[in-house]
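Summary of the model geometry
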Amino acid sequence: MDLSPGQTVWVPLGLRLVQGVAFQVSTERDWELTRPVHAVIDPGLALLPHQLSLARWVSEYYRTSLFSCAALMFPPGFHARVVPYVLSTVLGDQVPEGLGEGQEEILEFLQRRGRVKETDLLKALGSRAAARLRALVQRGLVLREWEAPRPRTGFRHVDYLSLTVEEIEARRLAAVLAPAAPRQGALLVHLAEVKEHPVSLLRRLFGPAAVEGLSKRGLVRIVRRRLERDPLAGYQVVSEPAVTLTPQQGEATQAVARALGGETRERAFLLYGVTGSGKTEVYLDAASRTLAAGKSVIFLLPEIALTPQAVQRLMGRFPGRVALYHSGLTPGQQVDQWWRIRETVEPLVVVGSRGAVFAPVKDPGLIVMDEEHEWTYKQHDAAPRYHAREVALKLCELTGAVFLAGSATPDVATYYRALHGQYRLLELGERVGRSSAGGPRPLPRASVQVVDMRQELREGNRSVFSRDLKAALDQALGKGEQAILFLNRRGAAPLVQCRECGQSMRCRRCDMTLTYHAIGPALVCHLCGRRSPVPATCPTCGSARIRYLGLGTQKLVEEVGRAFPGVSVLRWDRDVAKGWKDHLELMERFSRGQAQVLVGTQMVAKGLHLPRVTVVGVILADLGMGLPDYRAPERTFQLLCQVAGRAGREELPGRVIIQTYMPESYAIRLAGAQDYRGFFDAELLFRRRHLNPPFGRLVRFLFAHPNAVRSQQEAERLARSLRDEKARRGLTDDVLGPTPAYPSRVRGRYRWHVLLRGRDPETLLDAVTLHPQWLVDLDPVALSP
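Report on the accompanying structure. (Residues numbered from 1 in each chain as written. Predicted model: local features only at pLDDT ≥ 70, side-chain atom pairs only at ≥ 80, totals over all residues. Heavy atoms only, no water.)

In space, the three strands of this open sheet follow the order S22-S23-S24, with antiparallel pairing throughout. The two strands at the open ends of the sheet, each matched to only one other strand, are strand S22 (515–517) and strand S24 (531–532). Pairing analysis gives two bridges linking strand S23 (residues 522–524) to S24, with the strands arranged antiparallel. The residue bridging leucine 523 from the neighbouring strand is serine 532, located in S24. (Pairing = 2+ DSSP bridges. Helix = DSSP H or I, 4+ residues; strand = E, 2+ residues; numbered from the N terminus.)

The following block contains the structure:
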């Protein structure tokens, strides 16, 4: 690709980027071609125009390097940190004038060694050489270059053997060769029938000599083909024709259709529909119209666990036009899917988790975000800490695509914006089933009952199952129906304690108790993953009186076995489902009826359609309510409503029993009533009072350091700087903290955080200088961990 002077193009990683000659580098990770030069660059790796604009926006909005944003859009593996190299530009033995102390030594080193890694030079000449080297670079006496290694994962190729002659001629020659070279003749006949075949297999079947013999005769040639590692290969998919829509679904699809057709200026929609109301049918209709118009669809899901069921629906409706793109694939599959999306001419439906919003889709016409309320759409563990919803909205703005978000429990801020015109609000208020003729028919919602476990204890019931839940399970299992038991805690026991001295087993690296996992067995830290053997005696006092307290999914499976002998149970959590195919296998096993009870964490609460499930039991609804996070009630309400929606999704009526020690909590009480609008109104009053989103914005500053005192001092310094700058500028933003973060220590590093809250906190954010170790999270969706 020839570049005209002044043209801006992103350069693929792996090429040498030269400072001061053709490339201007603002930091070692931000690369942009800005000088008027001519070069040949692999056009397959250049960012698409809208991707370049999107990368710039993400970088500016989330205050992170442009490289880290652009790297999200390159093929997997192109995230390696670049390596700086240096070389001298001084010719021969000339000694430039005006050299400072130690600079001549650097030039002599480079003239002797040639081009070297900058780290090797500093290691040889000492750390003081760094400043001297920078001065030489500025004078043009030393050239600094950056290189990024090619990713280890590339294409996979297979050599095929094919004929160079026509089929009839091959058969004639086979008959001629058969008496003297029977294997060569047999190979010719085989190739005449199959056209081409992998060379490695033919060598095993007919022998290497036969392959070489035909090659020497010029009758065959070897063709190298790229083999796609397709994650969808072997998927059993049943064709799914379009269905008759309900009036509410029809109104929603028509509104989206008008936007897709350019009849209205509306570009963002919020589809608020109760669980089981048929939101997916609206998505599929919009996707069908988008593909028919020659544009592609990006279909975002909050969890990799949900991709199998979504992919089955989409492949059934759009066979051959679905691409899968998420981190649960193997590196090779990710690479092949990236290139398939980039190179395929016909429009596709790209399905994946949050990172799929950066897939190289040339002409997106629709972005669907299912379960838009989920916090997993926010990247929190690495920069850039983007939210896929905001990135998707910006991508739609840049490309003219339509954004369609859906949820039974929308994010409070999103619903508020929809009520104030930033989204077009579409509503589906009724559950929908299918009649025997295939038409839609209304379904009643599952009945929901909140059980006070304190009262159960008072009346002598010490089981993990309330009497109502036990009776409901007995009845459903006796009829051959299925049940889901939801407990958002892995392992067997969250607390291991000495009954003699009261000491609990804690992680040595984190401020967190260790969870007992019966399968292993081991004590596991759910923050850093550290595993420790189960102690026979207390490490503090030496007592053997060790007690395992609390309940996790492993222990719950045992409790089900004791309470309901002979009932088959499946467990679905991160310990048993490590890859996306594990999720698929578990879902298919339960759908086929290989188990009657499914025990799981929040994976079982989201988006699953399991018609034979009639009972859902929430074992402990209070988990998460005590976290120091203003979103804790909202997250609890959403989880309870979502898991309740798994019951009674077809002709069998559903029943949901929520067990709690906090029945007076408005989040639990309104979840029991399935009253989203009531929860929204109550939550909005609280947020308005404290200027929390959507009435204000939050910025979280997190500092972590191995030294506890150093961490606290740096947090106090930043808080003072923010307050001083706030007073100087006369701003009204709130500076909250500093306080120890929760948990206060993770992986041996002590953590403190400061919160900035206001209508425009970026003004104050831009005014302060931050230590490089500060983590800055704009619009955080969680304040812990």
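A few words on the nonpolar core. Taken as a class, soluble globular proteins show a tendency for nonpolar side chains to be buried jointly. By size, the foremost hydrophobic cluster in this structure holds 141 residues, and its most contacted members are Val351, Phe403, Leu404, Trp572 and Phe701. Once residues within four sequence positions are removed from consideration, leucine 404 is found in contact with Val256, Phe269, Leu271, Val282, Tyr283, Ala286, Leu366, Ile367, Val368 and Met369. With 22 residues, the next largest nonpolar core counts Leu477, Ala483, Leu556 and Ile657 among its residues. (Core = buried A, V, L, I, M, F, W, Y, C linked by side-chain atoms within 4.5 Å. Buried < 20%, exposed > 50% of the residue type's maximum accessible area, 1.4 Å probe, protein only. Contact = heavy atoms within 4.5 Å.)

This brings us to the sheet that holds strand S29 (residues 655–660). Judged by pairing direction, the sheet is parallel, and its six strands sit side by side in the order S19-S29-S28-S20-S27-S26 without closing on themselves. Two strands lie at the open edges of the sheet, namely strand S19 (447–452) and strand S26 (569–572), each paired on one side alone. Across the sheet, the mean angle from the axis of one strand to that of its neighbour is 15 degrees, orientation sign disregarded. Its contacts with the sheet place helix H18 (residues 553–563) against strand S20 (482–486), S26 and strand S27 (597–600), and it is angled at close to 155 degrees to S27. Of the strands in this sheet, S20, strand S28 (613–618) and S29 are in contact with helix H20 (residues 632–644), which crosses S28 at around 155 degrees. (Axes fitted to C-alpha atoms, helices over the stretch in contact; angles between N-to-C directions.)

This brings us to helix H5 (residues 129–139). When we look at burial in H5, the residues that qualify are Ala129, Arg132, Leu133, Leu136 and Val137. Burial along H5 is one-sided: seen end-on, the buried residues are contained in an arc of 145 degrees. Looking at the buried positions of H5, the neighbouring elements they touch are strand S4 (83–88), helix H3 (103–113), helix H4 (118–125) and strand S6 (142–147). Glycine 140 sits one or two positions beyond H5 and adopts a positive phi of about 85 degrees. (Arc of directions from axis to C-beta.)

At their nearest, the axes of helix H6 (residues 167–177) and helix H7 (residues 182–194) sit 8 Å apart, and the two run at 165 degrees to each other. Viewed along their axes, H6 and H7 adopt a mutual orientation that is roughly antiparallel. Crossing handedness for the pair H6 and H7: left-handed. Counting all contacts with H6, which are made through Glu167, Ala170, Arg171, Leu173, Ala174 and Leu177, the residues of H7 involved are Pro182, Gln184, Gly185, Leu188, Val189, Ala192 and Glu193. Looking at the contact of H6 with H7 residue by residue, the classes come out as eight nonpolar, two polar and three charged. (Parallel < 35°, antiparallel > 145°, perpendicular 65-115°, else oblique. Left-handed = near helix turned anticlockwise from the far one by under 90°. Nonpolar A, V, L, I, M, F, W, Y, C, P; charged D, E, K, R; others polar.)

Looking at where arginine 317 falls in the secondary structure, it is placed in helix H12 (residues 307–317). Apart from the residues lying within four places of it in its own chain, the contact partners of arginine 317 are Glu240, Pro241, Ala242, Val243, Glu281 and Leu284.

What follows concerns the pairing of strand S32 (residues 749–758). Of all ten residues that make up S32, eight are buried, and the element is covered over most of its length. Both strand S30 (residues 697–705) and S32 contribute to a ladder of nine bridges, which runs antiparallel. Bridge assignment links phenylalanine 701 to a residue of S32, and that residue is valine 754. Looking at chain direction, strand S31 (residues 734–746) and S32 are connected through seven bridges and run antiparallel. From the neighbouring strand, valine 746 faces S32, where its bridge partner is arginine 749. Here S31 folds back onto S32, and the loop between the two strands holds two residues, one of which, arginine 747, carries a positive phi near 55 degrees.

As a further point, take the pairing of S20. Along S20, five of the five residues are buried, which leaves the element largely enclosed by surrounding structure. Of the two faces of S20, the one lined by Gln482, Ile484 and Phe486 and the one lined by Ala483 and Leu485 are each fully buried. Examined bridge by bridge, S20 and S28 share five bridges and lie parallel to one another. Across the sheet, the residue bridging to glutamine 482 is valine 613, located in S28. Bridge count for S20 against S27 is four bridges, and the pairing is parallel. What sits directly across from phenylalanine 486, in S27, is glycine 600.

Below, the discussion takes up unusual backbone geometry. Negative phi is the rule for most residues except glycine; trans is the rule for most peptide bonds. Cis geometry is adopted by the peptide bond preceding proline 694, which originates at proline 693 and carries an omega value of 15 degrees. Tracing the sequence through the fold places proline 694 in the loop between helix H22 (676–690) and S30. Residue proline 743 follows tyrosine 742 across a cis peptide bond; omega there is -10 degrees. You can see proline 743 is positioned in strand S31.

How two aromatic rings sit relative to each other is set out by the distance from centre to centre and by the angle between their planes. Overall, the coordinates contain 20 aromatic pairs when judged by the stated rule. Taking the centre distance of 5.3 Å and the plane angle of 45 degrees together, the rings of tyrosine 272 and tyrosine 676 count as tilted. Placement of the pair is tyrosine 272 in strand S10 (residues 268–273) and tyrosine 676 in helix H22, with a sequence separation of 404 residues. Pair check on accessibility: tyrosine 272 and tyrosine 676 agree, each one buried. Where tyrosine 415 meets tyrosine 676, the ring centres are 5.1 Å apart and the plane angle is 85 degrees; that geometry is what we call edge-to-face. Here tyrosine 415 is found in helix H15 (residues 412–419), whereas its partner tyrosine 676 is found in helix H22, with 261 residues between them in sequence. (Phe/Tyr/Trp six-rings, centres within 6.5 Å; stacked < 30°, edge-to-face > 60°.)

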